[in-house]
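Descriptive structure summary
What follows is each chain in one-letter form.
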Amino acid sequence: MRWIFSFWELHDKIRKTRRIKGKVRPRAVRGRMRFEKRMAMEALRRLLLYAEMSREKYKACLPDIQRSNRQRVTAYLGIACAFLTVLWILSGVLEFLRPNMLAYMIALAVCMGLQAVNRTFPGKNGLLLTWLMYAFEALLYVLGIYLGIHPSPDTPTVSFIAFLLAVPLLFVMRPIQHILNVVFFDGVFILTCFLFKSKETLPVDILDGMVFGAVSCIISTFIMLSMHENFSIRHKLLGIAETDLNIGLKNRNAYESQMHDYPMHCSSTLSCVYLDVNGLHELNNTRGHAAGDEMLKTVAAKVRDIFGEKYSYRVGGDEFVAFAMDKSAEEMRAFIHKLVQEVDEAGYSVAVGTATHSAGGIDMEVLVKSAETRMYLAKEEHYRLAGKTRG
């Protein structure tokens, strides 16, 4: 509602500062009005494009929104296929449904095709997912228009009005996307009414289309605001639950929930880097835990800089894991060399183990275990050369 108040305040200020008895508004007032107008337009832009979130926050929530929409697409297509199958069967038995038999059959075939595409590419949550959502919504709108006009052109349309109110609530989308969909298919509906509806019902259908179209835009906007706010709150809570607040890296909770997603996002290879900080126990005993925390923060910063915050985790007291996708053996050796060198320059030491597997059939448990085993070998070698025993 903030954008509504912004426009109302702007209107009030314009009204109060109009020319009165030939007097011109002061320059400062005009400047403030322009500023407030820009602020109101920015609030409207954020409302329509990002559901009142900042662009950065929206992008951060987008993966969760896409996962939710993928689940919705799968569920809705399954329900639609079952429902249309029943209607198609009943249309061969019940006389009043028989005129719609072809429409049910075509809609069922489209739904089955969309579900086949959805099942074939389960990990594609970008453009393909958007296309699936638009196609399903378009199918429902077109079916509603057909059922409202073809069988009974002499009676007011009910099916399209019902779809007009319900369809914008199916998926979590930007408010502007739902508004444009409603406006477009409402326009198609009104045009179709002019072509096929009787003169007696035409005014009623046009009025219903315009009124309920506006209602649909308003309701869907506020519902989308609520849904996006829920995703924003969930993202904040999830960030707290999956972040090691001491060093600023993802923690073991995030590692365990995300590690099995990596094979779906690599095209050639997936590499795991497992590293352990040498001497943390001794440093805690000799210089205190504050010095140990500083060591961990330094190593975490180096890991984050080289492998990226998105792919780096602290999985234990002094153990870190990072993943690298589609990197050659030479690139991985360069990464490891840079990491070890920068940590050494900071006055610390790490033991590193790596493992790489070609894309396809990657067992993450085996990959991580292989890297961990090599890390322990490197750690034993470090203590052997230092003349110490690991403890």
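Keep in mind the model is a prediction, meaning the values are calculated, not measured.

Rules used throughout
- Residues numbered from 1 in each chain as written.
- Predicted model: local features only at pLDDT ≥ 70, side-chain atom pairs only at ≥ 80, totals over all residues.
- Heavy atoms only, no water.
- Disulfide = S-S within 2.5 Å.
- Buried < 20%, exposed > 50% of the residue type's maximum accessible area, 1.4 Å probe, protein only.
- Patch = residues over 30% accessible without salt bridge, like charges linked within 9 Å, V, L, I, M, F, W, Y side chains within 5 Å.
- Areas by Shrake-Rupley, 256 points an atom, 1.4 Å probe, with all protein chains shown as cover.
- Salt bridge = Lys/Arg side-chain N within 4 Å of Asp/Glu carboxyl O.
- Helix = DSSP H or I, 4+ residues; strand = E, 2+ residues; numbered from the N terminus.
- Contact = heavy atoms within 4.5 Å.
- Axes fitted to C-alpha atoms, helices over the stretch in contact; angles between N-to-C directions.
- Nonpolar A, V, L, I, M, F, W, Y, C, P; charged D, E, K, R; others polar.
- Parallel < 35°, antiparallel > 145°, perpendicular 65-115°, else oblique.
- Left-handed = near helix turned anticlockwise from the far one by under 90°.
- Phe/Tyr/Trp six-rings, centres within 6.5 Å; stacked < 30°, edge-to-face > 60°.
- Core = buried A, V, L, I, M, F, W, Y, C linked by side-chain atoms within 4.5 Å.

**Let's talk about the state of the cysteines**
Considering all chains together, one arrives at 0 disulfides under this definition. For the unlinked cysteine Cys266, the closest cysteine sulfur is that of Cys272, found at 13 Å. Given the relative accessible area of 10%, Cys266 is considered buried.

**Some points on a nonpolar patch on the surface**
On the surface, Trp88, Ile89, Met101, Leu102, Met105, Ile106 and Val110 cluster together into a nonpolar patch covering about 600 Å² of accessible area. Listing elements by their share of the nonpolar patch, those giving two or more residues are helix H3 (55-91) and helix H4 (101-120). If one sorts the elements of the nonpolar patch by residue count, H4 sits on top with 5 residues. Ile89 gets classed as exposed once you look at its relative accessible area, which sits at 52%.

**A look at the environment of Cys266**
One can find Cys266 in the loop between helix H9 (252-258) and strand E3 (269-278). Each C-alpha atom of the pair Cys266 and Val73 lies 25 Å from the other, and the pair is 193 residues apart in sequence. Each residue touching Cys266, except ones within four places of it in the same chain, is listed here: Met325, Asp326, Ala359 and Ile362.

**What to know about the packing of helix H10 (residues 280-287) against helix H11 (residues 289-307)**
The N-to-C vectors of H10 and H11 enclose an angle of 145°; their axes lie 7 Å apart at closest approach. Seen from H10, the contacting residues are Leu280, Leu283, Asn284 and Arg287; seen from H11, they are His289, Ala291, Gly292, Met295 and Leu296. Looking at the contact of H10 with H11, its residues break down into 5 nonpolar, 3 polar and 1 charged.

**Focus: the pattern of salt bridges**
Applying the stated criterion across every chain yields a total of 11 salt bridges. Where Glu42 meets Arg45, a salt bridge forms, and the shortest distance between an N and an O atom there is 2.9 Å. On the criterion of helical spacing, the pair formed by Glu42 and Arg45 is a turn pair, its members being 3 residues apart in helix H2 (residues 27-50). Taking the relative accessible area as the measure of exposure, Arg45 reaches 36% and is therefore partly exposed. For the salt bridge of Glu256 with Arg252, the shortest nitrogen-to-oxygen distance reads 3.1 Å. Pair noted here: Glu256 and Arg252 are both in helix H9, with a separation of 4 residues, about one helical turn. Residue Arg252 is classed as partly exposed on the basis of its relative accessible area, which comes to 37%.

**Describing the packing of helix H5 (residues 127-149) against helix H6 (residues 159-166)**
Running from N to C, H5 and H6 point in directions that differ by 160°, and their axes come no closer than 7 Å. Taken as axis vectors, H5 and H6 run roughly antiparallel relative to one another. Crossing geometry of H5 relative to H6 is assigned as left-handed. Note on element contacts: H6 touches H5 through Ser159, Phe160, Phe163 and Leu164, opposite Leu140, Tyr141, Leu143, Gly144, Ile145, Leu147 and Gly148.

**With respect to the packing of aromatic side chains**
In total, this model carries 14 aromatic pairs according to the counting rule given. Ring geometry for Tyr141 and Phe160: centres 6.2 Å apart, planes at 50°, overall tilted. Here Phe160 lies in helix H6 and Tyr141 lies in helix H5, a separation of 19 residues in the sequence. Like Tyr141, the residue Phe160 is buried in the burial classification. Between Tyr141 and Phe185 the ring centres are 4.8 Å apart and the planes differ by 20°, which places this aromatic pair in the stacked class. On the criterion of sequence distance, the pair formed by Tyr141 in helix H5 and Phe185 in helix H7 (residues 175-196) is long-range, its members being 44 residues apart. Per residue, the accessibility class of Tyr141 equals that of Phe185, and both read buried.

**Points about unusual backbone geometry**
Not every positive phi belongs to a glycine, and Ala51 is a case in point at roughly 55°. Of note, the phi angle at Asp326 is positive, near 60°, even though the residue is not glycine. Inspection of the secondary structure puts Asp326 in the loop between strand E5 (319-325) and helix H12 (329-345).

**Looking at the nonpolar core**
Core analysis: the biggest nonpolar cluster contains 39 residues, and Cys111 and Phe136 have the highest contact counts within it. Secondary structure elements with two or more residues in this core: H3, H4, H5, H6, H7 and helix H8 (202-241). Looking at this core, the element that brings in the most residues is H5, giving 10 residues. If near-sequence neighbours (up to four positions away) are discounted, Phe136 is found in contact with Tyr76, Leu77, Ala80, Cys111, Leu114, Leu170 and Phe171. Counting residues in each nonpolar core, the second largest holds 25 residues, with Leu275, Val277, Ala291 and Ile336 among its members.

No statement about biological role is implied by the geometric values presented.
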